[in-house]
Amino acid sequence: MKVGTPGFVGARLREGREARGLTALSLAELVGVSRAALSQYEIGPQTPRPDVMDRIAAQLNLPVQFFCQPAVKEVERRIFWRSMSAATKGARTKAYRRYLWLRQITDYLQQFVVLPAVNFPQFKLPDDPVKLSMNDIEQIAREVRSYWKLGIGPISDVVLLLENNGAIVARGALGADTLDAFSEWDELENRPYIFLGSDKDSAVRSRFDVVHELAHLILHRKIERNLLAHPAQFKLIEEQAHRFAAAFLVPATTFASELNYISLDHLRVLKRRWKVAISMMLMRCQHLGFLEPEEARRLWMNLSRRGWKRREPLDDELVPEQPRVIESAISSLLQAGVISREQLKGDLPYAVSDIEELLMLPRGFLSDHQAEVVILGEQRNPAPASGRVNAPNDGVVIGFPKGTVEK
């Protein structure tokens, strides 16, 4: 009689394999089984022997319990990827699997904490992006700023701004040059999610990526999914998101008033104030008609000669903005004794390193039982009974345990 693994779910094996970026053949070789055997494990009815199961778990760095959880129900999702090329298909699949892990972890945490309510402006926009002009996008960017009462100056922290208004933001390695970030508006939960790449560690690039994804969530939330697979439409959608990001981060009127003259050295000074790339500001000057074609050509050539296409000044000084709401919520839960580290690790069927990375916890936070619980910021106003956390857009939001909210 063959001995297998009771409760084993084949779909979970494929999920874990894809989350690690491995093909079936690669994992089979690492585990020491045939490709055919691994396929049988994934699609059934065969399950791995206990010793093979242990090797699979070790190679994928996942607890055995992960493979005995019910399979995640697949649903159609409107995810905005930065690239749809065949070259990045594997990276997209890996990122998608890890994104679903983030979703499952945040669902679990919402049993205990109240997250900031979603407070995003909504606009009546055409389903076809072709009907949306660049002037329309500039106006929408201004209206979004007005809705969040941001004024017309630099935004101190765009990640925290979006978190305060209900977005779930995470950061992790995406493993592809063309996958800087991706996003989704979950219509069932009515909450936006943004996943940022940590591969390049550029503060200004990451900041732009955040607002690029905000653009998709604002401008393209209702477009048909099939348009994302059409090359010409996809290119237009990306161009629109770029334009929105530039207009949102650097409002035209304020930017114009600060451009006494246009030179790379002057844009370098403005970079520290606005926390955006010099190359982005140069492109913004072109979009707004501040430069003649020949002037723009000379500036781009000069930027290339200085080596600023690869690395700009201040890139080593400016620190990327980090998501912090989920981390703060977990710290609050632990400090209040609502859950323990051991419970958190036992309830979530993932490697500790995955939980720490997806929730933006310091490395070793869940492993070190003596680690100090740090609350990022302090509670100034208790959350009202509605569950919405009220905080200024440049403040820190703390996730509060359910049941501790003042009535």
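Residues numbered from 1 in each chain as written. Predicted model: local features only at pLDDT ≥ 70, side-chain atom pairs only at ≥ 80, totals over all residues. Heavy atoms only, no water.

**Side note on the pairing of strand β5 (residues 191-197)**
Of all seven residues in β5, seven are buried; the element is thus mostly enclosed. Both faces of β5 are covered, namely the face carrying Arg191, Tyr193, Phe195 and Gly197 and the face carrying Pro192, Ile194 and Leu196. Pairing of strand β3 (residues 168-172) with β5, which is carried by five bridges, proceeds in the parallel orientation. Opposite Ala170, over in β5, you have Phe195 as the bridge partner. Across six bridges, the pairing between strand β4 (residues 181-186) and β5 is antiparallel. Bridge pairing in β5 links Ser183 to Ile194. (Buried < 20%, exposed > 50% of the residue type's maximum accessible area, 1.4 Å probe, protein only. Helix = DSSP H or I, 4+ residues; strand = E, 2+ residues; numbered from the N terminus. Pairing = 2+ DSSP bridges.)

**Here's the deal with the environment of Leu100**
Structurally, Leu100 can be placed in helix α5 (residues 89-109). Assessed through its relative accessible area of 4%, Leu100 is described here as buried. Along the backbone, Leu100 and Glu15 are 85 residues apart, and their C-alpha atoms lie at a distance of 9.7 Å.

**Digging into the confidence of the model for the chain**
Note: predicted coordinates in regions of low pLDDT should not be interpreted at a detailed level. Looking at the chain, the pLDDT average stands at 86 and 88% of residues meet or exceed 70. Low pLDDT (under 50) marks residues 370-401, which in the prediction has 75 contacts with non-local residues, meaning those over four places away or in another chain. A low-confidence stretch, residues 403-407 (pLDDT under 50), is modelled with six contacts involving residues beyond four sequence positions or located in other chains. (pLDDT = per-residue confidence, 0-100. Contact = heavy atoms within 4.5 Å.)

**Some details on helix α12 (residues 278-287)**
What α12 keeps buried is the set Ile278, Met280, Met281, Leu282, Arg284 and Cys285. Where α12 terminates, the next one or two residues include Gly289, which has phi positive at roughly 75°.

**A closer look at the side chain of Glu184**
You can see Glu184 is positioned in strand β4. Those residues in contact with Glu184 that sit more than four places away from it in its chain are Arg77, Arg78, Ile79, Tyr99, Arg103, Arg191, Pro192, Tyr193 and Leu217.

**A few points about unusual backbone geometry**
Of note in this structure, Leu314 is not a glycine but carries a positive phi near 80°. You can see Leu314 is positioned in the loop between α13 (293-305) and α14 (325-336). Note on Leu314: relative accessible area 10%, which makes it buried.

**A word on α13**
Taking 1.5 Å per residue as the helical rise, α13 with its 13 residues ought to reach 18 Å, and the 18 Å between its terminal C-alpha atoms agrees with that figure. When α13 is considered as a whole, its buried residues turn out to be Ala296, Leu299 and Leu303. Buried residues of α13, viewed axially, fall in a sector of 65°; they line one side. Away from the buried face of α13 by more than 90 degrees, exposed residues Pro293 and Arg305 are located. Looking at the buried residues of α13, the elements they touch are α11 (264-274) and α12. Just downstream of α13 lies Gly307, where phi reads positive at about 80°. (Expected span 1.5 Å × (residues − 1). Arc of directions from axis to C-beta.)

**Looking at the pattern of salt bridges**
Scanning all chains against the criterion turns up 31 salt bridges. Between Glu138 and Arg284 there is a salt bridge, with the nearest N and O atoms lying 2.7 Å from each other. Residue Glu138 is found in helix α6 (residues 134-147), and its partner Arg284 is found in helix α12; the two are separated by 146 residues along the sequence. Given the relative accessible area of 7%, Glu138 is considered buried. (Salt bridge = Lys/Arg side-chain N within 4 Å of Asp/Glu carboxyl O.)

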